[in-house]
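Chain by chain, the residues:
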Amino acid sequence: MPPPSLVRWLALAVAAALTLTACARAGDAAPPSPGSGSSSPAGGAGLTPAPLVDPDEIISGGPPPDGIPPIDEPQFLPPDDADFLEPQEPVLAVEVNGDARAYPLQIMIWHEIVNDRIGGVPITVTYCPLCNTGIAFERPRIDGELLDFGTSGKLYNSNLVMYDRQTETYWTQATGLAVLGPLTGHQLTFVPARILSFEDWAAAHPDGLVLSRDTGHSRPYGENPYVGYDSSGDPFLFSGERDTRLGQTDRVLGLVIGEDAVAFPYAELRDRSVGGWAVVEDEVGGLPVVVIWKAGTTSALDEADIAASRDVGAVAAFDPRVGDRRLTFEARPEGVVDRQTGSTWSITGVAVAGPLRGERLEPLIGIDSFWFDWAAFHPETRIYGAP
């Protein structure tokens, strides 16, 4: 019998080849060749800008364009009706103008992109299973035309390459940057998004909305086609230089402020935890940040049954200032507490007890990622806690 590791990788290879439920899409509908002089519906006539990356490094991931089908007409449920979710299951949480929504990774792993409107704002919510990157962006209007996004079937640094259907420009999900096609050089605006447990999200947003399994597609929602991937240490279809300061599929939360990029390893935070909570403080780009870790969120990329996967916890980053007061924090068995008032704070950055009850910390743009991908896009990154 082949060793378990080989069996696992054979299963992964088959899953990736057949479903590639990850960041991908083949090149049947590639954007106009750089410099071809093509015009675009949204970009007007003129020469296509030079690509920002080597086009040869944008490779096929397996499926054809939109072979991993985005969700263009998402349906939602109140949290109490989302009985297909276990409390510990991971969801991608996005809130705009008070409109809080949860996108279960058990659904996102099969679709990768949801074109939505949140709080009246056109938003694209994305998840790349190969990199464990859950990111949301505002959908821009270019020359009066609202962009929506699909899966290109391509990968760059093993990361999902999106395309907009209006100009067929390629955009890297990890950075939100247009890298090939008529809109090359355009940058999407990030919207704060966090991977949390369904239980923690629902407790903070009882009136929020949960993406429904009513997607218009038949998929085995709740199943993970990448069994054992996040503990394999071997990224799929990644040929870039490997930064060995951390394990390749170690989880990190990445922050970029100004020219300063920092990775906060989940393992470092977990090792500092007290009663399932950890908190660290740092300065990034000269600004104060606080990063909170909480146990109780399962991996979407471990066991075949996502709900039965191992607990990796959840991490979120915030500005620690409330009004004109900068707070400092410590982890206690009952949660994260600020030293100034003794108020207790949740993983969603809300004071749930104490004098500041009801106050909110401003969320920062923190990117959940596997280390290999964060380091590939941010080679200059420092690592919190590293000597």
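In short, a report on the structure. (Residues numbered from 1 in each chain as written. Predicted model: local features only at pLDDT ≥ 70, side-chain atom pairs only at ≥ 80, totals over all residues. Heavy atoms only, no water.)

### A closer look at the sheet that holds strand β29 (residues 366-370)
- Ordered by their spatial adjacency, 4 strands build an open sheet running β29-β17-β18-β30, and the pairing between neighbours is mixed. Unpaired on one side and paired on the other, β29 and β30 (382-383) mark the two borders of the sheet.
- As paired elements, strand β17 (residues 251-257) and β29 share 5 bridges and run antiparallel to each other. Bridge assignment links leucine 253 to a residue of β29, and that residue is aspartate 368. (Pairing = 2+ DSSP bridges. Helix = DSSP H or I, 4+ residues; strand = E, 2+ residues; numbered from the N terminus.)

### Considering a negative patch on the surface
- Judged by side-chain charge, Glu86, Glu223, Glu303 and Asp305 come together as a negatively charged surface patch.
- Following the sequence through the fold, aspartate 305 ends up in the loop between β20 (287-294) and β21 (314-319).
- The class for aspartate 305 is partly exposed, based on a relative accessible area of 40%. (Patch = residues over 30% accessible without salt bridge, like charges linked within 9 Å, V, L, I, M, F, W, Y side chains within 5 Å. Areas by Shrake-Rupley, 256 points an atom, 1.4 Å probe, with all protein chains shown as cover. Salt bridge = Lys/Arg side-chain N within 4 Å of Asp/Glu carboxyl O. Lys, Arg positive; Asp, Glu negative; His and termini not counted. Charge placed at Lys NZ, Arg CZ, Asp CG, Glu CD. Buried < 20%, exposed > 50% of the residue type's maximum accessible area, 1.4 Å probe, protein only.)

### Some words on the packing of aromatic side chains
- One pass over the structure, following the stated rule, counts 10 aromatic pairs.
- Between the aromatic rings of phenylalanine 76 and tyrosine 103, the centroid separation amounts to 5.9 Å while the plane-to-plane angle is 90°, which identifies the pairing as edge-to-face. Here phenylalanine 76 is found in strand β2 (residues 76-77), whereas its partner tyrosine 103 is found in strand β4 (residues 99-104), with 27 residues between them in sequence.
- Taken together, a centroid distance of 6.5 Å and an interplanar angle of 25° make the contact between phenylalanine 198 and tryptophan 201 stacked. Taken together, the residues span about one helical turn, with phenylalanine 198 and tryptophan 201 both in helix α3 (residues 198-204) at a distance of 3 residues. Of the two residues, phenylalanine 198 and tryptophan 201, both sit in the buried class.
- Among the aromatic side chains, those forming a connected cluster through ring pairs are Tyr226, Tyr229 and Phe370. (Phe/Tyr/Trp six-rings, centres within 6.5 Å; stacked < 30°, edge-to-face > 60°.)

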